[in-house]
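Summary of the model geometry
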Amino acid sequence: MSEEAKKQAVTFGNCLDEVRKSVPLVHNITNYVTVNDVANALLACGGSPIMSDEPKDVFDITTICGGLNINIGTLNERSIEAMMIAGTRARALDHVILLDPVGAGASALRTATAQNIVNTIHPDIIRGNISEIKTLALGSGTTKGVDADVADTVTEDNLDEMVSFVKAFSEKTGAVIAITGAIDLVSDDKTCFVIRNGRPEMSRITGTGCQLSSVATAYAVANPEHKVEAVAAAVCLMGLAGEIGWSRMQEGDGNSTYRNRIIDAIFNMDAKTLEEGAKYEIR
Amino acid sequence: MSEEAKKQAVTFGNCLDEVRKSVPLVHNITNYVTVNDVANALLACGGSPIMSDEPKDVFDITTICGGLNINIGTLNERSIEAMMIAGTRARALDHVILLDPVGAGASALRTATAQNIVNTIHPDIIRGNISEIKTLALGSGTTKGVDADVADTVTEDNLDEMVSFVKAFSEKTGAVIAITGAIDLVSDDKTCFVIRNGRPEMSRITGTGCQLSSVATAYAVANPEHKVEAVAAAVCLMGLAGEIGWSRMQEGDGNSTYRNRIIDAIFNMDAKTLEEGAKYEIR
Amino acid sequence: MSEEAKKQAVTFGNCLDEVRKSVPLVHNITNYVTVNDVANALLACGGSPIMSDEPKDVFDITTICGGLNINIGTLNERSIEAMMIAGTRARALDHVILLDPVGAGASALRTATAQNIVNTIHPDIIRGNISEIKTLALGSGTTKGVDADVADTVTEDNLDEMVSFVKAFSEKTGAVIAITGAIDLVSDDKTCFVIRNGRPEMSRITGTGCQLSSVATAYAVANPEHKVEAVAAAVCLMGLAGEIGWSRMQEGDGNSTYRNRIIDAIFNMDAKTLEEGAKYEIR
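What counts and what doesn't
Residues numbered from 1 in each chain as written. Chains lettered and ligands numbered in written order. Predicted model: local features only at pLDDT ≥ 70, side-chain atom pairs only at ≥ 80, totals over all residues. Buried ≥ 20, exposed ≤ 12 C-beta atoms within 10 Å, placed from the backbone. Helix = DSSP H or I, 4+ residues; strand = E, 2+ residues; numbered from the N terminus. Pairing = 2+ DSSP bridges. Axes fitted to C-alpha atoms, helices over the stretch in contact; angles between N-to-C directions. Contact = placed C-beta atoms within 7 Å. Core = buried A, V, L, I, M, F, W, Y, C linked by C-beta atoms within 7 Å. Expected span 1.5 Å × (residues − 1). Arc of directions from axis to C-beta. Nonpolar A, V, L, I, M, F, W, Y, C, P; charged D, E, K, R; others polar.

Right, let's talk about the pairing of strand E6 (residues 176-179) of chain B for a bit. Residues and elements named next belong to chain B. Where burial is concerned, the two faces of E6 agree: the one with Val-176 and Ala-178 and the one with Ile-177 and Ile-179 are both buried. The pairing of E6 with strand E7 (residues 184-187) spans three bridges and is classified as antiparallel. Looking at the pairing, Ala-178 lines up with Val-186 of E7. Between the antiparallel neighbours E6 and E7 lie four residues.

Here you go:
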């Protein structure tokens, strides 16, 4: 089979199975708000988490991993230094690197840090909400805190425009771009997956985006030849887990129980369920 | 309607509805032990959380928020600096500021930091257990770690004395004071709510106090004309959520499930349930 | 009764009851990944948690506690300094000190820090996986991230050899050594408990080891005359809670729910259940 044919033959189910088979070790430099859920989501999907954000520790730690997930949600001077050291090392080793630019646009430090990581570390994947990605692509955004501004949304009406935007930003950065929201876009410079999995109630839980970033890193590590498909599979997985988790909610349950049920659904996901539940088109 | 009449017309149900309507954005500089539950409790009540404790980040972050929740539970030199920068900025913008003096009295650093925040930032609300509040008011306390000393309790026997104490401390600081325990007191210099919601089992979960502090901040942000009522509503909400959560416990459940059920109950709370379940008198 | 007789008379059920009776206050300098579960597990078992990792705070905090749990899972320069200050103070006060050398062998900083704590603070208990303990005992290991290398396992085949190893390491360090895995070993220089509680699914949750370290600290604080028995009781408790938690799992549940059910089972454990469920032999 040619390289091209092999690439096309990959399914989301294959991507999932590769993760469970290879148990990718992912180094996470992530925020302390959602870090426990990030670790459990990574374990649930079949990966293995390590956390370290001390500049003197991260060179060694990232060396033994397969991927690096950088999330700037509660960045500080020490962790920013650690991000640069780990990122430089992971780049040198050709590890998968994902950037989650939490709150880019909400503060000068977050915007500058995310931009600097894009420009010097060259992440393989950038995953954020539309406000964060616009901030990185256009130099400014209307980020409302760490959540996307409602004025900044991917809708059926602006979908063509947004697909062009995300492909152009992928071409410029060389990264797979994932914009998550009511409609998710996962794109390289040629192929854009438009994904309609998920539930609006997921935004009432902290950390589903952070969890997705770590899971997407694991998926890309386990499927190095199919990065865009792997990230799209992870985005469908997360949204589908949100749907399955919601279907198990009972009277009196709320966002805390929902959080557990989503991670549980990632834990129980198999290739067949993912294949059948994934809702996407390719543009 | 006169200002005074408008103020008296507010109900706890109104306070709740205002939070859900306005989705107050709250900047939390809080401890890493309970931060995830703080974020989910804030989302559950209808608010929106941001966490940031880097001195170079907090000026921008607090600027875009409506309120600031400062919790010294795992303070460090960096986060103390961030508390002062964010507090000064939030004060200048007339944002609601709440101080949760976790462990004041248990270490010299905690006592000094909390005192310094009271004296220089002038928080709108101070919420702690009786040992912490006594430490701030009297310059010394008998804090046993981060939990109130049993010798230091608000009881039916010393209630009159405690109501006078809390009103005097409110007058001195200009802040709404919330002392939480078996009996909760929420007071300004004139009006003290004596609240009898809650369950003793809540003390077997880490972080119900931290959650309450963030929720109370959101309530005060959304109800700027009625701060003492808003904080009292938040305290009743938290206690009532503890009661509702407990009523859903099943055989074999313990403190971890209870934690989820309390946040779930906050998520599902509506004005009518809060009004009917609130147990308080005004002194 | 002679000292020796009193020592032999202790049961795991006695150990549990002593914890619930005395509510030991434990100072935790631990990683931010699993810290919330550590606090809730400590509360569940009957202890009381305090977290502090600021060098200027830990002297006071550890002074008011009965035990110190040092976990290097997300160590940084500041927390390492705090570990040394708190450790030195706790040693001077003859508090129980436990070291959890998370990731020793995975980075030079982790290995050096753990070695330094062993050599200068002389912990009463060292609890880790086999790779971490081998790194400390032999100066090198094959740690794969923060999980034990599969090549490094306590099995029925190498059990005699491992029992000798753990007794020798206990004699060298003067500490009770706990190696946890499919088969757990808890040993001083003379007596080794070989424990067969637990479920393999526990490794799909982050933090069961960290929880155990804090619970074991509480058990040793409450049972100062019986440290090795107390730590063995804590290891059986954790494994048994994993078994009970698993028996309550329902269709669709996964690792996030399992996490809750384990802590719930610790919360509900009583002396009789622990005695009857503990599976161990003494070598």
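There is more to say, and it comes next.
Across a sheet, paired strands are connected by hydrogen bonds in the backbone, their directions being either parallel or antiparallel. All names here are of chain B. Taken in spatial order, the nine strands make up an open sheet running E2-E1-E3-E4-E5-E6-E7-E8-E9, and their pairing is mixed. For this open sheet the edge positions go to strand E2 (48-51) and strand E9 (280-282), each flanked by a neighbour on one side alone. On average, each strand axis in the sheet is inclined to that of its neighbour by 20 degrees, with strand direction left out of account. In this sheet, E2 lies alongside strand E1 (residues 25-29) in parallel orientation, the contact comprising four bridges.

Looking now at the environment of Gly-242 of chain A. Secondary-structure assignment places Gly-242 of chain A in helix H10 (residues 227-247). Beyond its immediate sequence surroundings of up to four residues, Gly-242 of chain A is in contact with Gly-198, Arg-199, Met-202 and Ile-262 of chain A.

Okay, the nonpolar core next. Within the largest apolar cluster, 292 residues are counted, with the highest numbers of intra-cluster contacts made by Val-231 of chain A, Val-231 of chain B together with Val-231 of chain C. In contact with Val-231 of chain C, not counting residues within four places along its chain, are Ile-125, Val-176, Ala-178, Val-186, Ala-216, Tyr-219 and Ala-220 of chain C.

A few words on the interface of chain C and chain B. Counting residues at the interface gives 28 residues for chain C and 28 residues for chain B. Those elements that place two or more of their residues in the side of chain C that touches chain B are helix H3 (35-45), strand E2 (48-51), helix H4 (55-63) and helix H11 (255-268) of chain C.

Another point: helix H8 (residues 159-173) of chain C. Residues and elements named next belong to chain C. Under the 1.5 Å per step criterion, the end-to-end length of H8 is 21 Å for 15 residues, consistent within 8% with the ideal 21 Å. Against the buried residues of H8 lie helix H7 (130-138), strand E6 (176-179), strand E7 (184-187) and strand E8 (192-195). Backbone geometry just after H8 places Gly-174 at a positive phi near 75 degrees.

Residues and elements named next belong to chain A. Phe-12, Cys-15, Leu-16, Glu-18 and Val-19 are the residues of helix H2 (residues 12-22) that are buried. Buried residues of H2, seen end-on, are gathered within an arc of 160 degrees and therefore sit on one face of the element. Val-23 sits one or two residues past H2 and shows a positive phi near 45 degrees.

With that settled, the discussion passes to the sheet that holds E8 of chain C. All names here are of chain C. Strand order in this open sheet of nine strands is E2-E1-E3-E4-E5-E6-E7-E8-E9, and the pairing throughout is mixed. At either margin of the open sheet sits one strand with a lone partner, and together these are E2 and strand E9 (280-282). Neighbouring strand axes in the sheet, compared pairwise and without regard to direction, differ in orientation by 20 degrees on average. Lying over the sheet, H7 contacts strand E5 (125-128) and E6, oriented at roughly 130 degrees with respect to E5. In this fold helix H10 (residues 227-247) packs onto E5, E6, E7, E8 and E9, with an angle of close to 165 degrees to the strand it touches most, E7.

Between chain C and chain A, the contact holds 28 residues from the first and 28 residues from the second. Broken down by element, the side of chain C that touches chain A gets its largest block of residues, five residues, from H11 of chain C. Looking at the side of chain C that touches chain A residue by residue, the classes come out as eight nonpolar, 13 polar and seven charged.

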